[in-house]
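The lines below spell out each chain.
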Amino acid sequence: MLDIDKFDESILGEDTPDPLRFAFPKKHSAHAGGMASPIMPEQKVPLLNTLYEQQGQRNKKRCLYIHIPFCRVRCTFCNFFQNAASRKLVDDYFEALINEVKLKSALPWTQTGVFHAVYIGGGTPTDLSAEQVERLGKAIRQYFPLATDCEITLEGRINRFSDEMFERALEGGFNRFSFGIQSFDTKVRRSAKRLDDREVVLERVAQLSATEEAPIILDLLYGLPYQTLDVFEQDLNDFMSTGAHGLDLYQLVVGGTAPMLNLVEKGKMPPPATTPDKASMYELGVAFMDKHYMRQLSVNHWARDNRERSQYNSLAKTYAEVLPIGCGAGGNIGGYGMMNHRTLETYMNAMKSGESVVAMMTKQHALEPWFAAIKSGFDKGVVSRHQLPLLAGEDTFDFFMPLFEVWQNKGLARIEGDYLALTLAGSFWAVSLAQACIQVLQKTHSEVTASHKVAL
């Protein structure tokens, strides 16, 4: 039985009449996750060889992630900038990347499974040339076993996304495009170091959407400097005016070495929105989507029509295996996490010498299947009893019931038979709630393991 009295407000949430704004102090990270154990360097290559040689399970969901580690400018909110783009750097990297695509596609593990979603992320993948985008798409389709309805997404910027690049991407087999707009407002965009003014972005997105060649998906951030509630509402109206097929609403979380922190500290721009203000923006966004009858796919993603499925986002951050390719790419196979070299020079040298490009590996927690099911449920906004694996032969949903009841009393969720449905407040805090469940499971697992050792 779960002893709820062992946990404080970081797990249970605050007692407040306004849980949307004050259930927790702030959102700490973009995704929930469990603990993992590092693999010793000398064990890495033998373990990788074992994983690559094993037979894949064709009925198991898997994704392919390919990373393009270049940007022409660094956004002020970004903590993931890797390399400034130049033609020679990009060209040299692309040839190494294609070689890795061929090598990884030939692995027994790769060829004995089916990939349900492919995502080309970054960085800025559209810093590749139009010809390179087409080549990459065709290589993926040629070498990898893809599901018949495989979603193949190219991420990028509207800036310099020409008709030629769009046409060649379609020719290469890309069937979904995701653009990081962040905000349409010119002043907000300038503060974030985005390159085009509002009118330019609106016109280009509308042109691409009107072709109906593939779903056009936009990412908007909420909480940026200068982005008031009125500005954010205009962002939402601008999205609707473009005819784009889907929208992600992501809460701004700034950390690490993001330039915005230094600019705010020096008084060169106002601070980002507070957590209560971001909660108000989320509330506005959800109401806006409801008003326009947009189909909600997750707590932060909406679709205008049935072509948009957001397969990669729903699979890769929950329970799918992900094969990583490229400098800085991360993924997981067979219960092990892996991260490729993040330094471009190290990655390129590894490719030239025939060494592994995997820089580090971890063994996932023994409860990773439970963590994955939890993350999947909270991401969708509904945790189902039937999707949670049994825990030591017992019902996991029932195990969490004392915690669920606390959250229901605090306005974060509703218990409806075999389901925990998140309220508006719970949806805003979905990552925090998922992380709380994971921490509860980890603590319980550690205590049980320790007690067994004592008994022995």
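Refer to the structure printed above.
This section reports on the structure supplied with the text. Here the structure is a predicted model, which is why all the values come from computation and not from measurement.

It is possible for side chains of opposite charge to pair when their charged atoms get near one another. Tallied over the full model, the rule gives 26 salt bridges. The salt bridge partner of R21 is D18, with a shortest N-O separation of 3.3 Å. On the basis of relative accessibility, which here comes to 22%, the residue D18 falls in the partly exposed class. The partner of D91 in a salt bridge is R87, with the nearest N and O atoms 3.2 Å apart. Taken together, the positions of D91 and R87, both in helix α4 (residues 87-105) and 4 residues apart, correspond to about one turn of that helix. The exposure class of D91 is partly exposed, given its relative accessible area of 30%. Residues joined by salt bridges that share partners form a network here, namely E134, K138, E164 and R168.

With that settled, the discussion passes to the nonpolar core. Counting residues in hydrophobic clusters, the biggest one holds 123 residues, and the most contacted among them are L136, F177, L218, F378, L403 and W407. In contact with W407, other than residues within four places in its own chain, are I11, L12, F378, L412, A413, L420, L433, A436 and C437. Grouped together as the second largest cluster of nonpolar side chains are 11 residues, V188, A192, L221 and L224 included.

This part takes up the packing of aromatic side chains. Under the definition given, this model contains 21 aromatic pairs. Seen from their ring centres, F161 and F166 are 6.0 Å apart, and the 55 degrees between their planes marks the pair as tilted. One aromatic cluster is present, formed by F24, Y222, F232, Y282, F428 and W429 through successive ring pairs. Directly above the ring of F115 sits R62, whose terminal nitrogen or CZ lies 5.0 Å from the centroid. Cation over ring: R304 sits above F239, and NZ or CZ is 5.3 Å from the ring centre.

Here we take up the sheet that holds strand β16 (residues 419-422). As summarised here, the arrangement of the 3 strands in space is β14-β16-β15, forming an open sheet in which the pairing is antiparallel. If you trace the sheet from one side to the other, it starts and ends with β14 (382-384) and β15 (413-416), each paired once. The sheet shows a mean angle of 15 degrees between the axes of neighbouring strands, taken without regard to direction. Judged from the 4 bridges that link them, β15 and β16 form a sheet pairing that is antiparallel. Paired with A413 across the two strands is L422, which belongs to β16. This element, helix α15 (residues 368-380), spans β14 and β16 of the sheet and lies at about 140 degrees to β14. Packing against the sheet, helix α16 (residues 396-409) makes contact with β14, β15 and β16, and its axis sits at approximately 135 degrees to β15.

Where two cysteines share a covalent bond between their sulfur atoms, that bond is called a disulfide. One pass over the structure, following the stated rule, counts 0 disulfides. The thiol sulfur of C63 is not disulfide-bonded, and the nearest other cysteine sulfur, from C150, lies at 8.2 Å. What makes C63 buried here is its relative accessible area of 0%. With no disulfide of its own, C327 lies 12 Å from the sulfur of C71, the closest cysteine sulfur.

With 13 residues, helix α9 (residues 198-210) should reach 18 Å at 1.5 Å per residue; the first-to-last C-alpha distance of 18 Å fits that figure. Of the positions making up α9, those classed as buried are V201, L202, R204, V205, L208 and S209. Structurally, α9 contributes buried residues whose contacts are with α7 (163-172), β5 (176-182), α8 (186-191), β6 (216-222) and α10 (229-242). Positive phi shows up at E212, right after α9, with a value of about 55 degrees.

The next thing to look at is the packing of α4 against helix α6 (residues 130-143). Interhelical geometry of α4 versus α6 gives an angle of 5 degrees and a closest axis separation of 10 Å. When the axis of α4 is compared with that of α6, the two are roughly parallel. Along the contact surface, α4 presents R87, V90, D91, F94, E95, L97, I98, V101, K102 and S105, while α6 presents Q132, R135, L136, A139 and Y143. Within the contact of α4 with α6, the residues separate by chemical class into 8 nonpolar, 2 polar and 5 charged.

Spanning 14 residues, α10 covers 20 Å between terminal C-alpha atoms, matching the ideal 20 Å at 1.5 Å per step. V231, F232, D235, L236, D238, F239, M240 and T242 are the residues of α10 that are buried. Positive phi shows up at G243, right after α10, with a value of about 80 degrees.

Looking now at the packing of α10 against helix α12 (residues 275-291). Direction vectors running N to C along α10 and α12 enclose 30 degrees, while the axes themselves pass 10 Å from each other. In terms of their interaxial angle, α10 and α12 are classed as roughly parallel. For the pair α10 and α12, the sense of crossing is right-handed. Contact residues: L229, F232, E233, L236, N237, F239 and M240 in α10; S280, M281, L284, G285, F288 and M289 in α12.

Cut-offs applied
Residues numbered from 1 in each chain as written. Predicted model: local features only at pLDDT ≥ 70, side-chain atom pairs only at ≥ 80, totals over all residues. Heavy atoms only, no water. Salt bridge = Lys/Arg side-chain N within 4 Å of Asp/Glu carboxyl O. Buried < 20%, exposed > 50% of the residue type's maximum accessible area, 1.4 Å probe, protein only. Helix = DSSP H or I, 4+ residues; strand = E, 2+ residues; numbered from the N terminus. Core = buried A, V, L, I, M, F, W, Y, C linked by side-chain atoms within 4.5 Å. Contact = heavy atoms within 4.5 Å. Phe/Tyr/Trp six-rings, centres within 6.5 Å; stacked < 30°, edge-to-face > 60°. Lys NZ or Arg CZ within 6 Å of the ring centre and 35° of its normal. Pairing = 2+ DSSP bridges. Axes fitted to C-alpha atoms, helices over the stretch in contact; angles between N-to-C directions. Disulfide = S-S within 2.5 Å. Expected span 1.5 Å × (residues − 1). Parallel < 35°, antiparallel > 145°, perpendicular 65-115°, else oblique. Nonpolar A, V, L, I, M, F, W, Y, C, P; charged D, E, K, R; others polar. Left-handed = near helix turned anticlockwise from the far one by under 90°.

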